[in-house]
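Next come the chains, spelled out residue by residue.
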Amino acid sequence: MKRIGNKPCKIMIQSSGKGMILQTLLIISLLGWVKCQESQSMTPEEKIAIRDQIIEMFDHAYGSYMKYAYPADELMPLSCRGRVRGQEPNRGDIDDSLGKFSLTLIDTLDTLVVLNKLDEFEDAVQKAVSDVRLDNDVVVSVFETNIRVLGGLLGAHVMADLLRQRGERMQWYQDELLHMAKELGHRLLPAFNTTSGLPYPKVNLRYGVLNPLSRTGTESDTCTACAGTMILEFAALSRLSGETVFEEHARKALDVLWDRRQRGSDLVGTVINIHNEEWVRRDSGVGAGIDSYYEYLMKAYILLGDNVFLERFNTHYSAIMKYISQPPLLLNVHMHNPTVSVRSWMDSLLAFFPGLQVLRGDLKPAIETHEMLYQVTKQHKFLPEAFTTEFRVHWGQHLLRPEFAESTYYLYKATGDPYYLRVGQSIVEKLNAYARVPCGFAAVQDVRTGTHEDRMDSFFLAEMFKYLYLLFSEKSELPIDIDDYIFTTEAHLLPVSLSTTKPPCPGNDTVRHLTLSETEQAVPIPQEEDLFTHSCPSLETLFPNNPSFAKTIRDGYKYLTGVGRAVHPLPIREIELPLHDNGMEPVEFLKSMGISLTPLNEIIVGDRKLHKEHKGVYRVKLVAELSQTPEEEEVVPHAVQLISPPFLGRTVLTAGPAKFGMDLTKQEHGVKGSILKASPYTACGPIDNAEELKGKIALALRGDCMFAAKARQLQEAGATGVIFIDHREGSNSEETPLFQMVGDGDSTDDITLPLVFVFSREGAMLTGALEEHQNVDVLLLPKERQLGHDKKEKPIGVNIKLRLAEEGELEDGTARGPTLEFVLEKEQFLIKEEDEEEFEHREQQQEFCTEAAKLRRTEQHSAGSSDCTNFDCGPDTNP
């Protein structure tokens, strides 16, 4: 009996009188398989060492928060201080997670229990009970507050109650955390005061939504995940407190989203209007904006035992696998036309989806997508916030998100494959190598440069360390039975026993309170069922007698990004030379022919026997015909030039363009105007200072809503242009690549304003100039056309068309202009670009040698008696 991970595997080989050869082959195959497994396996000692390292990392992060930041919401790891809302520069909607309620402490409470830090847990609970207030006059995100704070309080209450029942500690605890959770739940309820039942995206903890003092309530849209990720926390709160109102509201929101699905595709959009229930953004995927809606349908069934949620999840899942899943990719589509992908990039939040597929029992696509994500981390160290279908960086930020670690944990528990332990080990090593700083762990501003950002979000402690620790721990080593709990989307622990020990609250059956027509809509259309539509995953059923099934699936995606691919010398004689121009870049064009280019000083001469096998290797000369190519789409740098006194054009700020609105490259003299801050600064609602803004260029802060939505609000207010300013503190054009702003997925033809984007540091210069001088005029234009800027010749892009020179062509001088000389000789490759002068020199040399050759033939002299012995006159001169 051989044990692979947690799975016992019997290996039996029988021999017969005539089967000795077969037996030998089986043994050889088995030895090969065992060797492969051993290369990925991990000893118990290694697992313990990595687990200890994870604990040390957690101590460093949590200890830094408690030392430098508590009671602030978050730690600023580069500044070694706490982030207090209102005392740091506004970051837009990112700051809506902060409610002055010691966010990181509450989000981390049940992590302390999982990591068996029970003394620290008791101390932290005492701090939360005595120090945390929930009635602050601050506007917070309903979604973030629910999953982080309400979920954190409930998970910590469940842990505290469990420890109290054991009689070993927490004997003083009297459900204080549950009382706090109930208070917070009531403070979130005003957000559900809409005609549709979909919640407002924000709420004031003290004044609610509609109160004149609330400073919120003007929002009309919310994301699908924002409205659909309430059921676990709200239902648990109802079951634990006995107050049905929470679960009722969460179920109602889910009913609306289900009812508004596109009936033809069974997909939902990304953003919906909370008043008229119309979709605002109709792109559909499994990443940002939708992700946890699908997750909570599945987990609501697990937690509450209500079959309605499973039926809805299965319906959506079938649609996802039909339209969105293009293994190993997961690409957004239009919910009304799902056969067309709407973008060529993916966001990092979809990394949770393989873990959800494991819960569904669909392991093959889970393994495929996870392997793709792992290859991306190999290429970029971390998952970029967004990356293209060619696995290039689309948005380089990495916020220490835990979704990839989450899926790694689920896949290891499902397969027992030690490969996923190695993946987890790589996560640990990269965090230590590239994110660790003296005061904690810092987010990465751009994975291409490795620069840090002064933030450590609370989910890093709530989720990342929990999943990593569990990945390297055996069940017997944990202080709780982890199988008794379901993870929320923030990895808080809720007991699956809620559905049995806490009966459903009266009136919480989804179908019971609907009208007849609504009931018909609520019941899912029957879907074609598969093996796991109504049952749990089973490896024996999925992959009988095949313990290496995961490796077999992964191998097809092992070199997806090209990282780690073994280099094998190509047979020299098998090179094919396509004689047409296909528009590829020169180096890529040569690579497509099987030609690898290596500087001569880097070539290491290998086994000479390899070269002896290829006879007839000749020096070949190719003539390149150069033609100007259409330029690839690129980000054209724009500029905001300050032209009023005292600047007079000397201050020029680099800006990024937009893919919609006025095309500044077609405006000969740019667009001039005075600048003024929009109010509200994010420009996501009606503009309060429209009269003052009319005829001016508006300054608006990034965040809270789409660029297109801001542009429409400001255009309606009468602005003549918009400068968007990044909300990420410290971002600047020197360290962060420019990007083009994109629309909201719908037509943006109605937007005619010139739009540019500047990073935070450049934006601070603009706002600082405005505060100091009140009246500041700027010019918006492409950077190369800024006033006082000498125009430079633009490099010419070329396609290279290669062909063999005709007999005598070079002697006749027909091949003029720049050429490429491509030399294939034993033990070396050489490509050399020649300028016109060198070409003429070689042409003269060629003519000299040609005449010498004629003379030799005439006089029948030997090759060695030629007068041109100092020139290259050998027989390989001719092509």
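These figures come from a predicted structure and were not determined experimentally.

**Points about the overall build of the protein chain**
Scanning the protein chain from N- to C-terminus turns up 27 helices and 34 strands. For the protein chain, buried positions account for 53% of its 879 residues. A separation threshold of at least 6 residues defines the contact pool for the protein chain, and within that pool the share at least 24 residues apart is 71%. When the accessible surface of the protein chain is totalled, it reaches about 40,000 Å², and 51% of it is carbon and sulfur.

**With respect to the state of the cysteines**
Counted according to the given criterion, the structure contains three disulfides. Here C80 engages in a disulfide with C439; their sulfurs sit 1.9 Å apart. Negative torsions about the S-S bond denote left-handed disulfides, and the value of about 90° found for C80 with C439 makes this one right-handed. Of this pair, C80 sits in the loop between β3 (74–76) and β4 (81–83) while C439 sits in the loop between β18 (436–437) and β19 (440–441), placing them 359 residues apart in sequence.

**Let's talk about the packing of aromatic side chains**
This model, assessed by the stated rule, comprises 26 aromatic pairs. The interplanar angle of 80° and the centroid separation of 5.6 Å between the aromatic rings of F58 and F465 together place this pair among those described as edge-to-face. Here F58 is found in helix α2 (residues 44–69), whereas its partner F465 is found in helix α16 (residues 458–471), with 407 residues between them in sequence. Across the pair, F465 and F58 agree in class, each one buried. Aromatic side chains Y317 and F353 sit 6.2 Å apart centroid to centroid with 25° between the ring planes, which places their arrangement in the stacked category. On the criterion of sequence distance, the pair formed by Y317 in helix α11 (residues 307–324) and F353 in helix α12 (residues 353–360) is long-range, its members being 36 residues apart. Take Y317: its relative accessible area is 3%, and that puts it in the buried class.

**Considering the sheet that holds strand β10 (residues 283–284)**
If you walk across this open sheet you meet the three strands as β10-β13-β14, and the pairing is antiparallel. In this open sheet, the two edge strands, each paired with only one partner strand, are β10 and β14 (337–341). With two bridges connecting them, strand β13 (residues 333–334) and β14 associate as antiparallel partners. The partner of H334 across the bridge, within β14, is N337.

**Focus on the pattern of salt bridges**
Here the idea is simple: oppositely charged side chains can pair when their charged atoms come close. Throughout the structure, instances matching the rule amount to 45 salt bridges. Close ionic contact of E477 with R51 constitutes a salt bridge, the shortest N to O distance being 3.2 Å. Of this pair, E477 sits in the loop between α16 and β22 (485–487) while R51 sits in helix α2, and the two are 426 residues apart along the sequence. Relative accessible area serves as the criterion here: at 10%, R51 is assigned to the buried category. We note a salt bridge from K182 to E243, for which the minimum N-O separation is 3.7 Å.

**A few points about the pairing of strand β27 (residues 671–677)**
One ladder, built from four bridges, connects β27 with strand β31 (residues 777–782); its direction is antiparallel. Within β31, the position partnered with S674 by the bridge is D777. Pairing of β27 with strand β28 (residues 697–701) involves three bridges; the strand directions are parallel. Bridge pairing in β28 places I675 opposite I697.

**Side note on the packing of helix α3 (residues 103–114) against helix α4 (residues 118–131)**
Running from amino to carboxyl end, α3 crosses α4 at an angle of 155°, the nearest separation of the two axes being 8 Å. As judged from the angle between their axes, α3 and α4 are roughly antiparallel. Viewed along their axes, α3 and α4 form a crossing whose handedness is left-handed. Residues L105, L109, L112 and V113 of α3 pack against L118, E120, F121, A124, V125, K127 and A128 of α4. Residue composition of the contact of α3 with α4, grouped by class: nine nonpolar, no polar and two charged.

**A closer look at α4**
The end-to-end C-alpha distance of α4 is 20 Å, a good match for the 20 Å that 14 residues give at a rise of 1.5 Å each. Taken together, the buried positions of α4 are occupied by L118, F121, E122, A124, V125 and A128. Along the long axis of α4, the arc covered by the buried residues comes to 165°, so they all point the same way. When the buried face of α4 is taken as reference, the exposed residues oriented beyond 90 degrees from it are D119 and S130. Buried residues belonging to α4 abut α2, α3, α5 (142–166) and α6 (176–188).

**Here we look at the packing of helix α13 (residues 363–380) against helix α14 (residues 403–415)**
As a packed pair, α13 and α14 sit with axes 11 Å apart at the nearest point and diverge in direction by 135°. By the angle class used here, α13 and α14 are oblique. Crossing of α13 against α14: the hand is left-handed. From α13, L363, A366, I367, H370, L373, Y374 and T377 reach across to α14, where they touch F404, S407, T408, L411 and A414.

**Here's the deal with helix α10 (residues 291–304)**
Owing to its 3.6 residues per turn, the α-helix aligns residues three or four sequence positions apart on the same side. Spanning 14 residues, α10 covers 20 Å between terminal C-alpha atoms, matching the ideal 20 Å at 1.5 Å per step. Most of α10 sits out of view: twelve of its 14 residues are buried. Regarding α10, the residues found buried are D291, S292, Y293, Y294, E295, Y296, L297, M298, K299, A300, L303 and L304. Of the residues flanking the end of α10, it is G305, one or two places downstream, whose phi is positive at about 75°.

Definitions and cut-offs
- Residues numbered from 1 in each chain as written.
- Predicted model: local features only at pLDDT ≥ 70, side-chain atom pairs only at ≥ 80, totals over all residues.
- Heavy atoms only, no water.
- Helix = DSSP H or I, 4+ residues; strand = E, 2+ residues; numbered from the N terminus.
- Buried < 20%, exposed > 50% of the residue type's maximum accessible area, 1.4 Å probe, protein only.
- Contact = heavy atoms within 4.5 Å.
- Areas by Shrake-Rupley, 256 points an atom, 1.4 Å probe, with all protein chains shown as cover.
- Disulfide = S-S within 2.5 Å.
- Phe/Tyr/Trp six-rings, centres within 6.5 Å; stacked < 30°, edge-to-face > 60°.
- Pairing = 2+ DSSP bridges.
- Salt bridge = Lys/Arg side-chain N within 4 Å of Asp/Glu carboxyl O.
- Axes fitted to C-alpha atoms, helices over the stretch in contact; angles between N-to-C directions.
- Parallel < 35°, antiparallel > 145°, perpendicular 65-115°, else oblique.
- Left-handed = near helix turned anticlockwise from the far one by under 90°.
- Nonpolar A, V, L, I, M, F, W, Y, C, P; charged D, E, K, R; others polar.
- Expected span 1.5 Å × (residues − 1).
- Arc of directions from axis to C-beta.

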